[in-house]
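Coordinates in review
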Amino acid sequence: MIRVMIAEDQGMMRDALALLLDMEDDIEIVAQTGDGETITDVARRVRPDVVLLDVEMPGRSGLDAVGELSRDGAVVLVVTTFARPGYLRRAMESGAAGFLVKDGPVEDLAAAIRRAVAGERIVDPALAAEALNAGPSPLTGREREVLAAALDGAAIADLAARLHLSESTVRNHLSSAIGKTHTRNRIEAARLARDNGWL
């Protein structure tokens, strides 16, 4: 049996996936979580063969958990609604075995689980082509952090306090990110970075 854990914040989607995958003769759902903060703890407790991982979850992004899960021995398949090239690149660079968009049939997901356990890498072909054309994120880690914090429109002083940086450092990172993204202001830069999956 292939032991599968599902990390998905939408309860109805999580339950439906579990129900449908449990109907497969060789797949057993051993755990579920809807909270990004608990992903690695649950996985370490149940030791699944495969983790189906959503990207956008409360508390912690699924992408932030990929590396830990992979190092702990799980095969990670990112299954998301957000077909963003930057998400694909980050997931694969962190050790994911595959990246799939949620709009496919469950039979394809079951087949992807089997292929990933057999050692294959599975990526939606259209998204792979788009990711290759998009190239890597031009942003540094600190620029991404500052832009992510700027998404809510907070003032520079608030961003500086939240990130434990000086106001001039925050301004410098924002200015650099605006230049690299060829946008007019920090809100546009943050939205563009988010939409490309760089945050």
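Residues numbered from 1 in each chain as written. Predicted model: local features only at pLDDT ≥ 70, side-chain atom pairs only at ≥ 80, totals over all residues. Heavy atoms only, no water.

It is worth spelling out the side chain of Asp54 at this point. Summarising the element assignment, Asp54 is placed in the loop between strand 3 (50-53) and helix 3 (62-71). A relative accessible area of 4% means that Asp54 is categorised as buried. Apart from the residues within four sequence positions on either side, Asp54 is in contact with Ala7, Glu8, Asp9, Gly62, Val79, Thr80 and Lys102. (Helix = DSSP H or I, 4+ residues; strand = E, 2+ residues; numbered from the N terminus. Buried < 20%, exposed > 50% of the residue type's maximum accessible area, 1.4 Å probe, protein only. Contact = heavy atoms within 4.5 Å.)

On any regular strand, side chains alternate: one points to one face of the sheet, the next to the other face. With respect to burial, strand 1 (residues 2-7) is a largely interior element, five of its six residues being buried. Sheet analysis places strand 1 next to strand 2 (residues 27-33), joined by six bridges and oriented parallel. The residue of strand 2 that forms the bridge with Ile6 is Gln32. Sheet topology places strand 1 next to strand 3; four bridges connect them, and they run parallel. Pairing of Ala7 across the sheet is with Leu53, part of strand 3. (Pairing = 2+ DSSP bridges.)

Positive phi values are uncommon outside glycine, yet Arg47 reaches one of about 50°. As for its position among the elements, Arg47 is in the loop between helix 2 (39-46) and strand 3. In this structure, His164 is a non-glycine residue whose phi angle is positive, near 60°. You can see His164 is positioned in the loop between helix 8 (156-163) and helix 9 (167-181).

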